[in-house]
Amino acid sequence: MKKARLMQGNEAVAEGALAAGVRFFGGYPITPSTEIAEGMAKLLPTVGGKFIQMEDEIASMGVVLGASLAGKKSLTASSGPGISLKQELIGYAAAAEIPVVIVNVQRVGPSTGQPTAPSQGDVMQARWGTHGDHPMIALSPWSVREAFDLTVKCVNYSERFRTPVILLMDEIVGHLREKVELPEENEIEVYPRRKPGCSRAEGYEPYRPDKDLVPNTANFGEGYHIHVSGLIHDETGFPVGSPKVTEEAIRRLHKKIEIAEDEIIHVEASFMDDAEYAVVAFGGTARTAYEAVKNARAKGQKVGLLRLITIWPFADKAIHALAAKVKGILVAELNYGQIVGEVARAAAGQCPVELCAKYNMQIFEPKEIEAGIDQLIQGGNA
(Lines give C-alpha, C1' and ligand atoms only; values in the text may rest on other atoms or scores of the structure.)
Protein backbone atom coordinates (compact mmCIF):
# COMPACT_ATOMS: atom_id res chain seq x y z
CA MET A 1 0.00 0.00 0.00
CA LYS A 2 1.37 3.40 -1.00
CA LYS A 3 2.08 5.88 1.76
CA ALA A 4 0.23 9.19 1.57
CA ARG A 5 2.32 12.28 2.23
CA LEU A 6 1.59 15.93 2.86
CA MET A 7 3.88 17.62 0.37
CA GLN A 8 4.57 21.02 -1.09
CA GLY A 9 4.84 21.54 -4.85
CA ASN A 10 8.48 22.57 -4.59
CA GLU A 11 9.21 19.47 -2.51
CA ALA A 12 7.53 17.31 -5.15
CA VAL A 13 9.87 18.77 -7.79
CA ALA A 14 12.90 17.66 -5.79
CA GLU A 15 11.43 14.17 -5.34
CA GLY A 16 10.56 13.96 -9.04
CA ALA A 17 14.05 15.03 -10.06
CA LEU A 18 15.64 12.24 -8.04
CA ALA A 19 13.14 9.70 -9.38
CA ALA A 20 14.07 10.71 -12.95
CA GLY A 21 17.76 10.17 -12.28
CA VAL A 22 18.95 13.71 -11.55
CA ARG A 23 22.19 13.50 -9.62
CA PHE A 24 23.42 17.08 -9.75
CA PHE A 25 21.88 20.38 -8.69
CA GLY A 26 23.51 23.77 -8.94
CA GLY A 27 21.53 26.78 -7.83
CA TYR A 28 21.19 30.02 -5.91
CA PRO A 29 18.41 30.79 -3.40
CA ILE A 30 15.51 32.90 -4.66
CA THR A 31 11.89 33.15 -3.54
CA PRO A 32 9.61 31.34 -4.28
CA SER A 33 11.77 28.44 -5.53
CA THR A 34 14.21 28.06 -2.62
CA GLU A 35 12.55 24.93 -1.20
CA ILE A 36 13.61 23.06 -4.34
CA ALA A 37 17.27 23.79 -3.60
CA GLU A 38 16.75 22.89 0.04
CA GLY A 39 15.13 19.60 -0.96
CA MET A 40 17.91 18.73 -3.39
CA ALA A 41 20.56 19.59 -0.78
CA LYS A 42 18.93 17.12 1.58
CA LEU A 43 18.10 14.34 -0.88
CA LEU A 44 20.99 14.20 -3.36
CA PRO A 45 23.64 12.97 -0.88
CA THR A 46 21.38 10.00 -0.02
CA VAL A 47 21.67 8.70 -3.61
CA GLY A 48 25.29 9.60 -4.30
CA GLY A 49 24.43 12.88 -6.00
CA LYS A 50 25.98 16.30 -5.59
CA PHE A 51 24.51 19.66 -4.58
CA ILE A 52 26.32 22.95 -4.88
CA GLN A 53 25.17 26.47 -4.11
CA MET A 54 26.88 28.85 -6.51
CA GLU A 55 27.66 32.52 -6.09
CA ASP A 56 24.89 33.63 -8.44
CA GLU A 57 22.38 32.46 -11.05
CA ILE A 58 24.77 32.72 -13.99
CA ALA A 59 27.30 30.44 -12.32
CA SER A 60 24.47 28.11 -11.32
CA MET A 61 23.49 27.66 -14.95
CA GLY A 62 27.08 27.13 -16.02
CA VAL A 63 27.79 24.46 -13.45
CA VAL A 64 24.72 22.37 -14.34
CA LEU A 65 25.74 22.45 -18.01
CA GLY A 66 29.21 21.25 -17.07
CA ALA A 67 27.78 18.45 -14.94
CA SER A 68 25.48 17.40 -17.76
CA LEU A 69 28.34 17.29 -20.26
CA ALA A 70 30.18 15.05 -17.80
CA GLY A 71 27.27 12.61 -17.79
CA LYS A 72 25.08 13.63 -14.85
CA LYS A 73 21.41 14.40 -15.29
CA SER A 74 21.23 17.95 -13.98
CA LEU A 75 18.67 20.46 -12.73
CA THR A 76 18.60 24.04 -11.52
CA ALA A 77 15.76 26.13 -10.08
CA SER A 78 15.06 29.83 -9.85
CA SER A 79 12.41 32.49 -10.37
CA GLY A 80 11.92 35.25 -12.96
CA PRO A 81 14.89 37.51 -12.14
CA GLY A 82 17.22 34.53 -11.83
CA ILE A 83 15.92 33.02 -15.06
CA SER A 84 16.74 36.33 -16.77
CA LEU A 85 20.35 35.94 -15.66
CA LYS A 86 20.48 32.36 -16.91
CA GLN A 87 19.36 33.21 -20.44
CA GLU A 88 22.73 33.36 -22.21
CA LEU A 89 23.62 29.88 -21.00
CA ILE A 90 20.14 28.55 -21.76
CA GLY A 91 20.83 29.60 -25.34
CA TYR A 92 24.21 27.90 -25.14
CA ALA A 93 22.49 24.71 -23.99
CA ALA A 94 20.09 24.91 -26.94
CA ALA A 95 22.90 25.45 -29.46
CA ALA A 96 25.26 22.88 -27.97
CA GLU A 97 22.39 20.43 -27.31
CA ILE A 98 23.12 19.94 -23.63
CA PRO A 99 20.29 18.23 -21.70
CA VAL A 100 19.30 20.16 -18.58
CA VAL A 101 16.11 21.10 -16.71
CA ILE A 102 15.43 24.63 -15.50
CA VAL A 103 12.61 25.12 -12.97
CA ASN A 104 11.01 28.57 -12.92
CA VAL A 105 8.67 29.13 -9.98
CA GLN A 106 7.07 32.32 -11.27
CA ARG A 107 6.48 35.45 -9.21
CA VAL A 108 5.28 38.97 -9.98
CA GLY A 109 7.62 41.05 -12.12
CA PRO A 110 9.21 42.80 -13.89
CA SER A 111 12.54 43.15 -12.09
CA THR A 112 12.38 42.29 -8.39
CA GLY A 113 8.62 42.78 -8.57
CA GLN A 114 6.76 41.20 -5.69
CA PRO A 115 9.03 38.33 -4.56
CA THR A 116 6.47 36.08 -2.87
CA ALA A 117 3.36 36.92 -4.92
CA PRO A 118 1.87 34.54 -7.52
CA SER A 119 2.11 35.27 -11.23
CA GLN A 120 2.22 33.58 -14.62
CA GLY A 121 4.15 36.39 -16.28
CA ASP A 122 7.11 34.38 -17.57
CA VAL A 123 5.31 32.54 -20.37
CA MET A 124 7.01 34.47 -23.14
CA GLN A 125 10.30 34.54 -21.27
CA ALA A 126 10.25 30.74 -21.30
CA ARG A 127 9.90 30.70 -25.06
CA TRP A 128 11.90 33.72 -26.20
CA GLY A 129 14.04 34.71 -23.21
CA THR A 130 17.29 33.82 -24.89
CA HIS A 131 18.24 35.20 -28.29
CA GLY A 132 18.15 33.65 -31.74
CA ASP A 133 16.10 30.93 -33.38
CA HIS A 134 15.77 27.97 -31.05
CA PRO A 135 13.05 25.54 -29.94
CA MET A 136 11.87 25.26 -26.35
CA ILE A 137 9.94 22.74 -24.30
CA ALA A 138 8.07 24.03 -21.24
CA LEU A 139 5.52 22.21 -19.08
CA SER A 140 3.24 23.65 -16.38
CA PRO A 141 1.75 21.60 -13.50
CA TRP A 142 -1.49 22.43 -11.68
CA SER A 143 -1.08 20.19 -8.62
CA VAL A 144 1.55 18.87 -6.26
CA ARG A 145 1.40 15.37 -7.71
CA GLU A 146 1.64 16.76 -11.22
CA ALA A 147 4.68 18.80 -10.15
CA PHE A 148 6.33 15.44 -9.43
CA ASP A 149 5.13 13.83 -12.66
CA LEU A 150 6.06 16.73 -14.92
CA THR A 151 9.50 17.04 -13.37
CA VAL A 152 10.11 13.44 -14.38
CA LYS A 153 8.76 14.22 -17.85
CA CYS A 154 10.96 17.32 -18.16
CA VAL A 155 14.08 15.32 -17.31
CA ASN A 156 13.05 12.63 -19.81
CA TYR A 157 12.45 15.20 -22.55
CA SER A 158 15.76 16.93 -21.90
CA GLU A 159 17.56 13.60 -22.31
CA ARG A 160 15.40 12.36 -25.17
CA PHE A 161 15.88 15.49 -27.27
CA ARG A 162 19.19 16.76 -25.86
CA THR A 163 17.79 20.19 -25.12
CA PRO A 164 17.09 22.52 -22.20
CA VAL A 165 13.58 22.01 -20.81
CA ILE A 166 11.69 24.40 -18.52
CA LEU A 167 9.29 23.40 -15.77
CA LEU A 168 7.16 26.55 -15.72
CA MET A 169 5.59 26.42 -12.27
CA ASP A 170 3.87 29.28 -10.50
CA GLU A 171 4.02 30.25 -6.84
CA ILE A 172 0.50 28.89 -6.38
CA VAL A 173 1.63 25.33 -7.06
CA GLY A 174 5.16 25.74 -5.70
CA HIS A 175 3.92 26.61 -2.22
CA LEU A 176 0.72 24.57 -2.28
CA ARG A 177 0.56 21.61 0.11
CA GLU A 178 -1.55 18.59 -0.79
CA LYS A 179 -1.94 14.98 0.21
CA VAL A 180 -0.15 12.93 -2.44
CA GLU A 181 0.78 9.34 -3.12
CA LEU A 182 3.95 9.14 -5.18
CA PRO A 183 4.43 6.26 -7.63
CA GLU A 184 6.73 3.36 -6.89
CA GLU A 185 10.12 3.31 -8.59
CA ASN A 186 9.04 0.56 -11.00
CA GLU A 187 6.04 2.66 -12.08
CA ILE A 188 8.16 5.59 -13.26
CA GLU A 189 9.38 5.70 -16.84
CA VAL A 190 12.94 7.05 -16.94
CA TYR A 191 14.70 7.88 -20.20
CA PRO A 192 18.42 6.97 -20.04
CA ARG A 193 21.28 9.19 -21.16
CA ARG A 194 21.86 8.70 -24.88
CA LYS A 195 25.11 7.00 -25.86
CA PRO A 196 27.07 7.03 -29.14
CA GLY A 197 26.59 4.01 -31.35
CA CYS A 198 30.18 3.82 -32.48
CA SER A 199 33.69 3.97 -31.08
CA ARG A 200 36.30 6.64 -31.70
CA ALA A 201 37.94 4.35 -34.25
CA GLU A 202 34.67 4.07 -36.19
CA GLY A 203 34.59 7.75 -37.08
CA TYR A 204 32.69 9.18 -34.09
CA GLU A 205 31.24 12.64 -34.64
CA PRO A 206 29.52 14.10 -31.54
CA TYR A 207 26.80 15.97 -33.44
CA ARG A 208 25.91 13.43 -36.08
CA PRO A 209 22.11 13.15 -35.80
CA ASP A 210 20.36 9.85 -35.29
CA LYS A 211 17.15 8.94 -37.15
CA ASP A 212 15.16 11.21 -34.83
CA LEU A 213 17.52 14.12 -35.67
CA VAL A 214 19.00 14.03 -32.15
CA PRO A 215 22.75 13.37 -31.77
CA ASN A 216 24.07 10.70 -29.43
CA THR A 217 26.93 12.65 -27.89
CA ALA A 218 29.36 10.92 -25.56
CA ASN A 219 29.94 12.22 -22.06
CA PHE A 220 33.21 13.95 -21.27
CA GLY A 221 35.77 11.59 -19.78
CA GLU A 222 34.69 8.49 -21.69
CA GLY A 223 37.58 8.50 -24.15
CA TYR A 224 35.91 10.32 -27.02
CA HIS A 225 37.15 13.52 -28.61
CA ILE A 226 34.37 16.07 -28.12
CA HIS A 227 34.25 19.73 -29.06
CA VAL A 228 31.37 21.74 -27.61
CA SER A 229 30.65 25.24 -28.81
CA GLY A 230 27.88 27.81 -28.81
CA LEU A 231 29.00 28.75 -32.31
CA ILE A 232 27.12 27.16 -35.19
CA HIS A 233 28.95 23.94 -35.88
CA ASP A 234 28.87 20.89 -38.13
CA GLU A 235 28.67 17.26 -37.03
CA THR A 236 32.22 17.35 -35.66
CA GLY A 237 31.23 20.05 -33.19
CA PHE A 238 33.70 22.54 -34.64
CA PRO A 239 32.50 25.96 -35.87
CA VAL A 240 31.87 26.35 -39.58
CA GLY A 241 31.24 29.76 -41.18
CA SER A 242 28.98 28.37 -43.88
CA PRO A 243 25.48 29.54 -44.83
CA LYS A 244 24.55 25.97 -45.76
CA VAL A 245 25.74 24.49 -42.45
CA THR A 246 24.10 27.32 -40.51
CA GLU A 247 20.75 26.75 -42.18
CA GLU A 248 20.92 23.00 -41.71
CA ALA A 249 21.95 23.28 -38.05
CA ILE A 250 19.19 25.70 -37.08
CA ARG A 251 16.58 23.73 -39.03
CA ARG A 252 17.58 20.49 -37.30
CA LEU A 253 17.33 22.08 -33.84
CA HIS A 254 13.71 22.95 -34.61
CA LYS A 255 12.80 19.82 -36.55
CA LYS A 256 13.91 17.42 -33.81
CA ILE A 257 11.19 18.97 -31.64
CA GLU A 258 8.59 19.57 -34.36
CA ILE A 259 8.52 15.95 -35.54
CA ALA A 260 7.84 14.82 -31.96
CA GLU A 261 5.15 17.39 -31.06
CA ASP A 262 2.45 14.75 -30.70
CA GLU A 263 4.63 13.14 -28.02
CA ILE A 264 5.49 16.39 -26.26
CA ILE A 265 2.25 18.39 -26.33
CA HIS A 266 -0.23 17.52 -23.58
CA VAL A 267 -3.61 19.09 -22.85
CA GLU A 268 -6.53 18.07 -20.64
CA ALA A 269 -10.19 18.70 -21.46
CA SER A 270 -12.98 18.90 -18.88
CA PHE A 271 -16.74 19.27 -19.46
CA MET A 272 -16.17 19.59 -23.22
CA ASP A 273 -18.68 17.04 -24.57
CA ASP A 274 -21.51 19.55 -24.97
CA ALA A 275 -19.59 22.78 -24.48
CA GLU A 276 -20.55 25.82 -26.53
CA TYR A 277 -17.92 28.02 -24.87
CA ALA A 278 -14.53 27.20 -23.41
CA VAL A 279 -12.04 28.50 -20.88
CA VAL A 280 -8.34 27.97 -21.59
CA ALA A 281 -6.00 28.08 -18.58
CA PHE A 282 -2.81 26.54 -17.23
CA GLY A 283 -0.90 25.99 -13.99
CA GLY A 284 -2.42 27.16 -10.72
CA THR A 285 -4.99 29.34 -12.50
CA ALA A 286 -6.50 26.25 -14.10
CA ARG A 287 -7.59 25.06 -10.64
CA THR A 288 -9.72 28.19 -10.21
CA ALA A 289 -10.92 27.98 -13.80
CA TYR A 290 -12.09 24.43 -13.20
CA GLU A 291 -14.21 25.58 -10.25
CA ALA A 292 -15.54 28.53 -12.25
CA VAL A 293 -16.57 26.25 -15.11
CA LYS A 294 -18.34 23.90 -12.66
CA ASN A 295 -20.25 26.87 -11.23
CA ALA A 296 -21.14 28.12 -14.69
CA ARG A 297 -22.50 24.72 -15.67
CA ALA A 298 -24.58 24.65 -12.50
CA LYS A 299 -26.21 27.81 -13.81
CA GLY A 300 -26.98 26.08 -17.11
CA GLN A 301 -24.14 27.56 -19.13
CA LYS A 302 -22.54 25.05 -21.49
CA VAL A 303 -18.91 25.78 -20.77
CA GLY A 304 -15.85 23.55 -20.84
CA LEU A 305 -12.19 23.82 -19.85
CA LEU A 306 -9.08 23.10 -21.87
CA ARG A 307 -6.02 22.99 -19.64
CA LEU A 308 -2.63 23.51 -21.24
CA ILE A 309 -0.07 21.20 -19.67
CA THR A 310 2.55 21.75 -22.34
CA ILE A 311 3.04 25.48 -22.84
CA TRP A 312 5.77 25.19 -25.46
CA PRO A 313 5.60 23.92 -28.16
CA PHE A 314 2.17 25.52 -28.22
CA ALA A 315 -0.88 23.28 -28.62
CA ASP A 316 -1.89 24.69 -32.01
CA LYS A 317 -3.84 21.62 -33.11
CA ALA A 318 -5.86 21.38 -29.89
CA ILE A 319 -6.72 25.09 -29.89
CA HIS A 320 -7.61 25.08 -33.58
CA ALA A 321 -9.93 22.11 -33.05
CA LEU A 322 -11.43 23.78 -29.97
CA ALA A 323 -12.11 27.01 -31.84
CA ALA A 324 -13.94 25.07 -34.56
CA LYS A 325 -16.23 23.54 -31.94
CA VAL A 326 -17.18 26.47 -29.67
CA LYS A 327 -18.71 29.92 -30.04
CA GLY A 328 -16.05 31.64 -27.97
CA ILE A 329 -12.92 31.12 -25.86
CA LEU A 330 -11.95 32.84 -22.61
CA VAL A 331 -8.25 32.75 -21.70
CA ALA A 332 -7.62 33.09 -17.95
CA GLU A 333 -4.04 33.88 -17.02
CA LEU A 334 -2.31 35.55 -14.09
CA ASN A 335 -0.56 38.23 -16.13
CA TYR A 336 -1.32 41.18 -18.40
CA GLY A 337 -2.01 38.86 -21.34
CA GLN A 338 0.62 36.52 -22.80
CA ILE A 339 -0.80 33.16 -23.80
CA VAL A 340 -4.00 34.78 -25.13
CA GLY A 341 -2.14 35.91 -28.25
CA GLU A 342 -1.07 32.35 -28.98
CA VAL A 343 -4.61 31.09 -28.46
CA ALA A 344 -5.98 33.74 -30.85
CA ARG A 345 -3.32 32.85 -33.43
CA ALA A 346 -4.10 29.13 -33.25
CA ALA A 347 -7.86 29.77 -33.27
CA ALA A 348 -7.35 31.46 -36.65
CA GLY A 349 -10.49 33.59 -36.47
CA GLN A 350 -12.89 30.67 -36.07
CA CYS A 351 -14.37 32.17 -32.89
CA PRO A 352 -13.83 35.17 -30.58
CA VAL A 353 -10.97 34.88 -28.08
CA GLU A 354 -11.23 37.04 -24.96
CA LEU A 355 -8.80 37.65 -22.09
CA CYS A 356 -9.47 37.36 -18.37
CA ALA A 357 -6.28 38.75 -16.82
CA LYS A 358 -5.18 39.46 -13.27
CA TYR A 359 -1.85 40.92 -12.16
CA ASN A 360 -2.31 42.46 -8.71
CA MET A 361 -0.42 39.94 -6.52
CA GLN A 362 -3.56 37.89 -5.87
CA ILE A 363 -4.82 34.65 -7.35
CA PHE A 364 -8.10 34.43 -9.23
CA GLU A 365 -11.35 33.84 -7.42
CA PRO A 366 -13.89 31.67 -9.28
CA LYS A 367 -16.36 34.55 -9.47
CA GLU A 368 -13.88 36.61 -11.50
CA ILE A 369 -13.56 33.94 -14.18
CA GLU A 370 -17.32 33.36 -14.00
CA ALA A 371 -17.83 37.06 -14.77
CA GLY A 372 -15.56 36.63 -17.78
CA ILE A 373 -17.62 33.65 -18.93
CA ASP A 374 -20.81 35.70 -18.59
CA GLN A 375 -19.38 38.48 -20.74
CA LEU A 376 -18.17 35.99 -23.35
CA ILE A 377 -21.61 34.40 -23.61
CA GLN A 378 -23.37 37.77 -23.71
CA GLY A 379 -21.06 38.86 -26.50
CA GLY A 380 -21.79 35.67 -28.42
CA ASN A 381 -25.52 36.20 -28.04
CA ALA A 382 -25.43 39.88 -29.04
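Residues numbered from 1 in each chain as written. Predicted model: local features only at pLDDT ≥ 70, side-chain atom pairs only at ≥ 80, totals over all residues. Heavy atoms only, no water.

## A few points about the pairing of strand 14 (residues 328–333)
Put simply, the rule is: The cut-offs for exposure are 20% and 50% of the maximum accessible area for each residue type, with area from a 1.4 Å probe on protein chains only; residues under the lower value are buried, those over the upper are exposed, and the others partly exposed. Only DSSP runs of H or I covering at least 4 residues are called helices, and only runs of E covering at least 2 are called strands; the numbering of each starts at the N terminus. A pair of strands counts as paired when DSSP detects no fewer than two bridges linking them. Clockwise travel from the first strand over the helix to the second, with the strands pointing away from the viewer, marks a crossover as right-handed.
The buried count for strand 14 comes to 6 of 6 residues, which makes it a mostly enclosed element. Side chains Gly328, Leu330 and Ala332 project from strand 14 onto one buried face, and the interleaved Ile329, Val331 and Glu333 project onto a second face that is buried too. Sheet analysis places strand 11 (residues 277–282) next to strand 14, joined by 4 bridges and oriented parallel. Residue pairing across strands places Val280 opposite Val331, the latter belonging to strand 14. The pairing of strand 14 with strand 15 (residues 353–357) spans 5 bridges and is classified as parallel. The residue bridging Ile329 from the neighbouring strand is Val353, located in strand 15. The β-α-β motif built from strand 14, the intervening helix 12 (residues 339–347) and the parallel element strand 15 has right-handed crossover chirality.

## Observations regarding the environment of Ala371
As for its placement among the helices and strands, Ala371 is situated in helix 13 (residues 366–381). Under the relative-accessibility criterion, Ala371 is labelled partly exposed at 34%. In sequence terms Ala371 and Ala296 are 75 residues apart; their C-alpha atoms lie 9.5 Å from each other.

## Some remarks on the pattern of salt bridges
Our working rule: Criterion for a salt bridge: a side-chain nitrogen of Lys or Arg within 4 Å of a carboxyl oxygen of Asp or Glu.
Tallying each qualifying case throughout the model produces 27 salt bridges. Overlapping salt bridges, with partners in common, bring together Arg160, Arg194, Asp210, Asp212 and Glu263 in one network.

## Overview of the environment of Pro243
Within the fold, Pro243 resides in helix 8 (residues 243–258). You can call Pro243 exposed: its relative accessible area is 69%.

## Observations concerning the packing of helix 11 (residues 316–325) against helix 12
Stated precisely, the cut-off is as follows: To obtain an axis, a line is fitted to C-alpha atoms, over the contacting stretch when the element is a helix, and the angle between two such axes runs from 0 to 180 degrees between their N-to-C directions. An angle counts as roughly parallel when it lies under 35 degrees, as roughly antiparallel when it exceeds 145, as roughly perpendicular when it falls between 65 and 115, and as oblique in every other case. Left-handed describes a crossing whose near helix is turned anticlockwise from the far helix by less than a right angle; the clockwise case is right-handed. Any two residues whose heavy atoms approach within 4.5 Å at even a single point are treated as in contact. Following the grouping adopted for this structure description, the nonpolar residues are Ala, Val, Leu, Ile, Met, Phe, Trp, Tyr, Cys and Pro, the charged ones are Asp, Glu, Lys and Arg, and the polar ones are all others, Gly among them.
Where helix 11 contacts helix 12, the two axes come as close as 8 Å, and the packing angle between them is 65 degrees. Looking at the two axes, helix 11 sits roughly perpendicular to helix 12. Viewed along their axes, helix 11 and helix 12 form a crossing whose handedness is right-handed. Residues Asp316, Ile319, His320 and Ala323 of helix 11 lie in contact with helix 12, whose contacting residues are Val343, Arg345, Ala346 and Ala347. Grouping the amino acids of the contact of helix 11 with helix 12 by side-chain chemistry returns 5 nonpolar, 1 polar and 2 charged.

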